[in-house]
Amino acid sequence: MARFVLDEFGENETIRRQIARGRGQEEPYEHAAFEQANTISLDVTNMFDGPEPTSLHRKDLEEIIPSALEANTMLERGEGDIRDHDIPMTGWLNLPEEITASHLKEIASATRELSGEIDAFVSLGIGGSYLGIEATFRALTHSFFNQLPREQRGGAPEIYFLGQNMDPDFYRDTFDMLEGKRVAINVISKSGTTTETAIAFRILQQALESRLGEQARRCILVTTDREKGALKKVAREKGYRTFVIPDNVGGRFSVLTDVGLVGLAMANIDLGEFTAGFRRMRRLTRSNDFWRNPSLVHAALRYAAWLKGKKIEVVATNATSLYPVARWMEQLFPESEGHKGQGLWVSPSLYSEKLHANGQMVQQGERNIIETFLLLREHDNRLPIPRQRDDMDGLNFLPDNGMDMNDINRKVVEGPAYAHYQGGVPNMTFEIPRRNSYNLGQFYYLMERSVAVSGFLLGHNPFVQPGVESYKTAMFALIGKRGFEDKAKRMKEKLQKMERTVIHASENPRNSDPK
Ligand code: PA5
């Protein structure tokens, strides 16, 4: 069989950039030309005046503008319902300005030192202690990062994530990938008590300690509360290196804290550039000039749509690299908005793939959907479409018209944006110029600000997640955790009172009777 050779495709730009980052070659992110070239835009044309009765009109938005401006002012002043256990949870607001270059340097040098001694790095965490790191890592690196030779990873170790589920098969498979390698872990948990993360930590800690004994300390990092919590205690006792999750920053707003920075530094992601993106968007989103502040426009439009009966927001991207960013949004928004019977369900989608699946529902299903596109303008690689002499598939018109894959992939957003709008789905498009940490920093801050404003508009605190806490305690009770005995008893009683209906797919009629 013939072997596939890459000669005709040239160098992979993602790998080239990974190598450059590994050599410490930064993008010139402090230059005006760089800022200009990396400006995110938001096109909201298709949000208005659609063809069906629940469509939005500009006047619907205009009615909300005063409340959005008030929310922005309150946010800046630290007013309103923003506390969790008495702590105002808006530490993320000014973090882009407050974070110091020396702190970034310290993280970069700690990870560089460790990176040289390991083959693989495993980040343990869930929710806000996981999604932002994974999203940023995947957005900026090669799709098959761990399979590349180290040199093409820019010298970075392989990077894995655990703690985000309790699936023993997935764990076992991950361990197969780690076998025989020099491994370091970073356990990330603000509370220090999240079951999934704690179990992941226990298993890996045990594995490392049984191999390395005392030396295991060198390859165990702990990212948790500055003072309190079970993890902090373990770290103190065992002498693990710790990183801090500030009190006043909630998990889903924490990607610019040590939660995100340690793992990203391990992948050689430029923390200075990442922070600069956050800083720029902070400057822009402080403004009370509504139409020049994308976070206000975004928040107000989503709220207006919700008032009109829209219940689902499909967040669709044309870039595999940005799909995890849509997944990050799937946490940020619902966890902050889904209170008191309110909020939009966020459905992350990768197009074209999903256009051949729930795309049918978006076009013609119940008209309770809005759509937000994350359009990547310039992929790292453009990939030409070859001309063929016989043109049997009739596709020569593409190269003849000068179109490559990057151009076609833009239409994967523009086509649905048009068709879905005509079908009654209001939509807006964020255009993200390139895959770099600056643009991600900008985008994250924009979204964080938008969801905070959204909380104010909905009239509840977006910085708490009592619903998530409910599942956590139910799980503690079910697994028999000490201190949750009463809860376990109450649950058992309630469960016993419920008449169970279970149908068994079995030939034995006794098993298949509903009970
Ligand atoms: O946004 C949040 O606060 C949550 O999603 C948390 O990040 C998540 O529940 C994990 O919590 P912890 O970091 O305490 O383990």
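Residues numbered from 1 in each chain as written. Predicted model: local features only at pLDDT ≥ 70, side-chain atom pairs only at ≥ 80, totals over all residues. Heavy atoms only, no water.

## Considering the site of the ligand
- Close to the ligand lie 14 residues; Ser-129, Ser-189, Ser-191, Thr-194 and Gln-331 are nearest.
- Ser-189 has a polar side-chain atom sitting 2.6 Å from an oxygen atom of the ligand.
- At 2.7 Å from an oxygen atom of the ligand is found a side-chain nitrogen or oxygen belonging to Ser-191.
- Calculation on the ligand without its partners gives an accessible area of 390 Å², and the protein chains cover 92% of this total. (Near = heavy atom within 4 Å. Polar contact = N/O pair within 3.5 Å; in protein donor to acceptor, adjacent residues only side chain to side chain. Areas by Shrake-Rupley, 256 points an atom, 1.4 Å probe, with all protein chains shown as cover.)

## Remarks on the side chain of Glu-448
- Tracing the backbone through its elements, the reader meets Glu-448 in helix 17 (residues 437-458).
- The buried charged residue Glu-448 lacks any salt bridge partner; its closest oppositely charged side chain belongs to Arg-449, at an N-O distance of 9.1 Å. (Helix = DSSP H or I, 4+ residues; strand = E, 2+ residues; numbered from the N terminus. Buried < 20%, exposed > 50% of the residue type's maximum accessible area, 1.4 Å probe, protein only. Lys, Arg positive; Asp, Glu negative; His and termini not counted. Salt bridge = Lys/Arg side-chain N within 4 Å of Asp/Glu carboxyl O.)

## Concerning the pattern of salt bridges
- Under the counting rule described, the total for this entry stands at 36 salt bridges.
- Here Asp-380 makes a salt bridge to Arg-17, at a shortest N to O gap of 2.7 Å. Note that Asp-380 is positioned in the loop between strand 11 (369-378) and helix 15 (397-400) and Arg-17 in helix 1 (residues 13-22), a separation of 363 residues in sequence. Like Asp-380, the residue Arg-17 is buried in the burial classification.
- Ionic pairing is found between Arg-302 and Glu-313, a salt bridge with its closest N-O pair at 3.0 Å. Of this pair, Arg-302 sits in helix 12 (residues 294-307) while Glu-313 sits in strand 9 (residues 312-317), and the two are 11 residues apart along the sequence.
- Note on Glu-313: relative accessible area 0%, which makes it buried.
- Salt bridges linked by common partners bring Arg-17, Glu-27, Asp-380, Arg-434 and Arg-435 together as one network.

## Topic: helix 8 (residues 195-212)
- With 18 residues, helix 8 should cover 26 Å at 1.5 Å per step; its first-to-last C-alpha distance of 25 Å lies within 8% of that length.
- Restricting attention to buried positions, one finds in helix 8 the residues Thr-195, Glu-196, Thr-197, Ala-200, Phe-201, Leu-204, Gln-205 and Leu-208. (Expected span 1.5 Å × (residues − 1).)

## With respect to the side chain of Asn-72
- Looking at the secondary structure, you find Asn-72 in helix 3 (residues 58-77).
- For Asn-72, the side chain forms a polar contact with the main-chain oxygen of Ser-287, separated by 3.1 Å.
- With residues near it in sequence (within four places) discarded, Asn-72 still touches Thr-285, Arg-286, Ser-287, Asn-288, Asn-293, Leu-296, Arg-449 and Val-453. (Contact = heavy atoms within 4.5 Å.)

## Let's talk about the sheet that holds strand 1 (residues 41-43)
- Spatial ordering of the open sheet is given by 1-12-11-9-10, a layout of 5 strands whose pairing is mixed. The outermost strands of the open sheet, each flanked by one partner alone, are strand 1 and strand 10 (345-350). Sheet twist, expressed as the average angle between the axes of neighbouring strands with direction ignored, equals 20°.
- In this sheet, strand 12 (residues 427-434) lies alongside strand 11 in parallel orientation, the contact comprising 7 bridges. Paired with Leu-375 across the strands is Glu-431, a residue of strand 12.
- Contacts from helix 12 reach strand 1, strand 9, strand 10, strand 11 and strand 12, with the element oriented near 150° to strand 12. (Pairing = 2+ DSSP bridges. Axes fitted to C-alpha atoms, helices over the stretch in contact; angles between N-to-C directions.)

## What to know about a nonpolar patch on the surface
- Together, Phe-4, Leu-6, Phe-9, Leu-383 and Met-405 make up a nonpolar patch on the protein surface, roughly 540 Å² of accessible area in all.
- Along the chain, Leu-383 falls in the loop between strand 11 and helix 15. (Patch = residues over 30% accessible without salt bridge, like charges linked within 9 Å, V, L, I, M, F, W, Y side chains within 5 Å.)

## Digging into the pairing of strand 6 (residues 183-188)
- Counting buried residues in strand 6 gives 6 out of 6 residues, a clear majority hidden from the surface.
- Both faces of strand 6 are covered, namely the face carrying Val-183, Ile-185 and Val-187 and the face carrying Ala-184, Asn-186 and Ile-188.
- One ladder, built from 5 bridges, connects strand 4 (residues 120-124) with strand 6; its direction is parallel. Of the residues in strand 6, the one forming a bridge with Phe-121 is Ala-184.

## So, helix 13 (residues 323-337)
- Taking 1.5 Å per residue as the helical rise, helix 13 with its 15 residues ought to reach 21 Å, and the 21 Å between its terminal C-alpha atoms agrees with that figure.
- Of all 15 residues making up helix 13, 11 are buried, and the element is well covered by its neighbours.

## Remarks on the sheet that holds strand 7 (residues 220-225)
- In space, the 5 strands of this open sheet follow the order 5-4-6-7-8, with parallel pairing throughout. Each edge of the open sheet carries a strand with a single partner, namely strand 5 (158-162) and strand 8 (241-245). Put simply, the sheet's adjacent strands are angled 20° from each other on average, direction ignored.
- Taken together, the 5 bridges between strand 7 and strand 8 define a ladder with parallel strand orientation. Along strand 8, the bridge assignment pairs Val-222 with Thr-242.
- Along the sheet, helix 7 (residues 168-178) contacts strand 4, strand 5 and strand 6; its crossing angle with strand 5, the most-contacted strand, is approximately 160°.
- Of the strands in this sheet, strand 4, strand 5, strand 6 and strand 7 touch helix 8, which is tilted by about 155° from strand 6.

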